[in-house]
Amino acid sequence: MSDITIIGLGAMGSALASAYLAKGMEVTVWNRSAERAAPLVAKGARLAENAAGAIDASTLILVSVLDYPAVRDILRPAAAHLEGRTLVNVTNGTPDQAREMAAWAQSRGAAYVDGAVMVTPELVSGPEAFLLYSGNSAAYHRQEATLAVLGSSTYVGEDPALASVYDLSLLSAMFGMFGGYLHAAALVRSEGIPAAEVTPMIMSLLNAMIELFPETAREIDSGEHPTPSSNNAMMATALRNVLDGSREQRVSTALMEPIWALFDRASKEGLGDRDISALVPLIYSPDGARA
């Protein structure tokens, strides 16, 4: 028996398998395109002939593929082999997909843990690496030491969807930051200014803004939205200038329009004098209302 089986040998799956091999662990691997296993076999991994054989090789199965349909396509023909296994799925997906996969795996006798790797493949097992897990708590804690090889592990709850919720929230913050940065780069490039020239200024500004997050989080959770020195109405005006100035510079406003629209809506709904924390109820409220 191997210490762990890795199914899916794309960039992430290969990085996960390499991390375990570097620790001297017995690793079985399988991928629908067998040639991707060659570098790992050269490092000492065992190549299974098929998905069923890969599952049979270990009691801990780690799946990392493109999406949940791929997970289903791979596992369904081998479903009879899942009984008694711990299935840890770190494929990116949605909360509903995680719940459906957990129910399916449980019906086949497997203990299901959903997960998310919150770094790029080259950072796996390094000091920056951290992963989120949810689902079967007993199964997670049995395998916690093995999973910790990949990076700092955080278990967020019994509901298998929770790792996905955390994952998507962190990605939302990341992609929002990238979107703002790309628009900023396009705007300065419209005047021939090197993006490298403005980037240190952007980083300094973002670092100052990040320090406000804990207090903003407190306001969001408490529902108390104070009147700040820079309120939503002022920000709506600034964002309108961003849009108008971008059009003057022939820069697309597609990335910034939705942000301005949210601040503008807040101003029109009587929240113009409030802090940005007051915008969250416009995006989500427990009664199901959406922006």
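The shown structure was predicted, so the numbers you read here are calculated from the model rather than taken from an experiment.

**Topic: the pattern of salt bridges**
Using the criterion set out here, one finds 11 salt bridges in the structure. Between Asp244 and Arg240 there is a salt bridge, with its nearest N and O atoms 3.5 Å apart. Linking Asp244 with Arg240, this pair stays in helix H10 (residues 232–248), spanning 4 residues, or about one helical turn. Between Lys268 and Asp264 there is a salt bridge, and its shortest N-O distance comes to 3.0 Å. Of this pair, Lys268 and Asp264 both sit in helix H11 (residues 257–268), 4 residues apart, which is roughly one turn of the helix. On the accessibility criterion, Lys268 (66% relative accessible area) is exposed. For Asp264, a relative accessible area of 17% corresponds to the buried category. Put simply, Arg240, Asp244, Arg247 and Glu257 are held in one network by salt bridges that share partners.

**So, the sheet that holds strand E1 (residues 4–7)**
The strand order across the open sheet built from 8 strands is E3-E2-E1-E4-E5-E6-E7-E8, with neighbouring strands paired in mixed fashion. In the strand order of this sheet, the two ends are held by strand E3 (46–47) and strand E8 (152–155), each with one partner. Bridging between strand E6 (residues 111–117) and strand E7 (residues 130–135) involves 5 bridges; their strand directions are antiparallel. Looking at E7, one finds that Asp114 is bridged to Ser134. Helix H6 (residues 137–147) rests against E1, strand E4 (60–63), strand E5 (86–89), E6, E7 and E8 of the sheet, and its axis sits at about 175 degrees to E8.

Cut-offs applied
- Residues numbered from 1 in each chain as written.
- Predicted model: local features only at pLDDT ≥ 70, side-chain atom pairs only at ≥ 80, totals over all residues.
- Heavy atoms only, no water.
- Salt bridge = Lys/Arg side-chain N within 4 Å of Asp/Glu carboxyl O.
- Helix = DSSP H or I, 4+ residues; strand = E, 2+ residues; numbered from the N terminus.
- Buried < 20%, exposed > 50% of the residue type's maximum accessible area, 1.4 Å probe, protein only.
- Pairing = 2+ DSSP bridges.
- Contact = heavy atoms within 4.5 Å.
- Axes fitted to C-alpha atoms, helices over the stretch in contact; angles between N-to-C directions.

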